[in-house]
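Overview (structure and organization)
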Amino acid sequence: MTIRAIVKFPDPRLRLAAEPVSVFDQGLRELATDLLDTMRAAPGIGITAPHVGVSRRLVVLQLEGPESARAYVNPRILWASEETIMHTEGSVSMPGMTDEIRRHAQVRIAYRDLDGAERTEEAEGLLAVCHQHEIDQLDGIFWIQRLSKLKRDRLAKRYEKLQRS
């Protein structure tokens with residue numbers, strides 16, 4: 001079990017687009033396992049390789065019990081519903097801070113599994129929100145960028161104050 005250090009907001013690495021994964025080997029599987037261990041320790045329900053300072057397009061999600069853990073390599077959104085929902089979001093890189101974000105209610109994503117096999121998945125509700133949130137992070141869009149400037153600034157100031165205390 002390896003718990004890696006989490007990159008904390010406002011680290012500029014959180015605003016960089018991650019590099020696509022092209023090698024599907026034991027190193028990738030170990031990174032996915034480390035991400036899962038790190039996410040569980042944080043705690044969280046989703047994490048990306050950039051959250052631990054690795055610029056690779058890898059996401060790990062676990063919304064329910066241990067058997068629900070899934071890895072998504074090079075995920076991308078193929079389709080998103082017009083219907084949207086509001087959902088409370090946060091980040092392992094900004095612990096203790098949350099706010100409501102508007103996201104598509106349903107999405108279809110394409111990704112590769114840890115063996116490199118191409119897959120697609122349709123999701124709705126929380127899983128759809130998680131896919132959008134983590135794919136944003138892989139694209140260098142930190143979740144608070146989806147807030148109004150006023151809300152974003154308030155949240156950043158509250159977080160900064162929390163970090164000092």
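Rules used in this analysis
- Residues numbered from 1 in each chain as written.
- Predicted model: local features only at pLDDT ≥ 70, side-chain atom pairs only at ≥ 80, totals over all residues.
- Heavy atoms only, no water.
- Salt bridge = Lys/Arg side-chain N within 4 Å of Asp/Glu carboxyl O.
- Buried < 20%, exposed > 50% of the residue type's maximum accessible area, 1.4 Å probe, protein only.
- Helix = DSSP H or I, 4+ residues; strand = E, 2+ residues; numbered from the N terminus.
- 1 Å grid on protein atoms, 1.4 Å probe; cavity = no way out; pocket = protein on both sides within 12 Å on 5 of 7 lines; lining within 4 Å.
- Points joined across faces, edges and corners; volume = space filled by probe spheres on them.
- Nonpolar A, V, L, I, M, F, W, Y, C, P; charged D, E, K, R; others polar.
- Phe/Tyr/Trp six-rings, centres within 6.5 Å; stacked < 30°, edge-to-face > 60°.

Across all of its chains, the model carries 14 salt bridges by this definition. Note that R13 is salt-bridged to D11, the shortest N-O span being 2.8 Å. You can call R13 partly exposed: its relative accessible area is 42%. In this structure, the salt-bridge partner of R70 is E121, at a minimum N-O distance of 3.1 Å. Residue R70 is located in strand β3 (residues 70–80), and its partner E121 is located in strand β7 (residues 118–124); the two are separated by 51 residues in the primary sequence. We classify R70 as partly exposed; its relative accessible area is 36%. Ionic contacts of the salt-bridge type, sharing partners, join the residues E89, R103, D136 and R146 into one network.

What follows deals with the layout of surface pockets. Considered as a void within the structure, the largest pocket measures approximately 410 Å³ in volume. Every residue lining the largest pocket is counted, 24 residues in all, and those nearest its centre are G44, I45, E89, G90 and S91. Elements with a minimum of two residues in the lining of the largest pocket: β4 (84–90) and α2 (125–138). The element best represented in the lining of the largest pocket is α2, accounting for 5 residues. Here the lining of the largest pocket is built from residues that sort into 11 nonpolar, 10 polar and 3 charged.

With that out of the way, let us pick up the environment of T120. Mapped onto the fold, T120 is located in strand β7. With 45 residues separating them along the chain, T120 and P75 place their C-alpha atoms 9.1 Å apart.

With that settled, the discussion passes to the packing of aromatic side chains. Summed over all chains, the structure comprises 4 aromatic pairs. Seen in terms of ring centroids, F9 and F142 are 5.4 Å apart; in terms of plane orientation they differ by 15°. Their pairing is stacked. Residue F9 is found in the segment before α1 (26–41), and its partner F142 is found in the loop between α2 and α3 (149–164); the two are separated by 133 residues along the sequence. With respect to burial, F9 and F142 carry one shared label: buried. Aromatic side chains F142 and W143 sit 6.5 Å apart centroid to centroid with 55° between the ring planes, which places their arrangement in the tilted category. Residue classification places F142 among the buried positions, given a relative accessible area of 1%. The class of W143 is buried, set by a relative accessible area of 2%. Among the aromatic residues, those joined into a ring-pair cluster are F9, F142, W143 and Y159.

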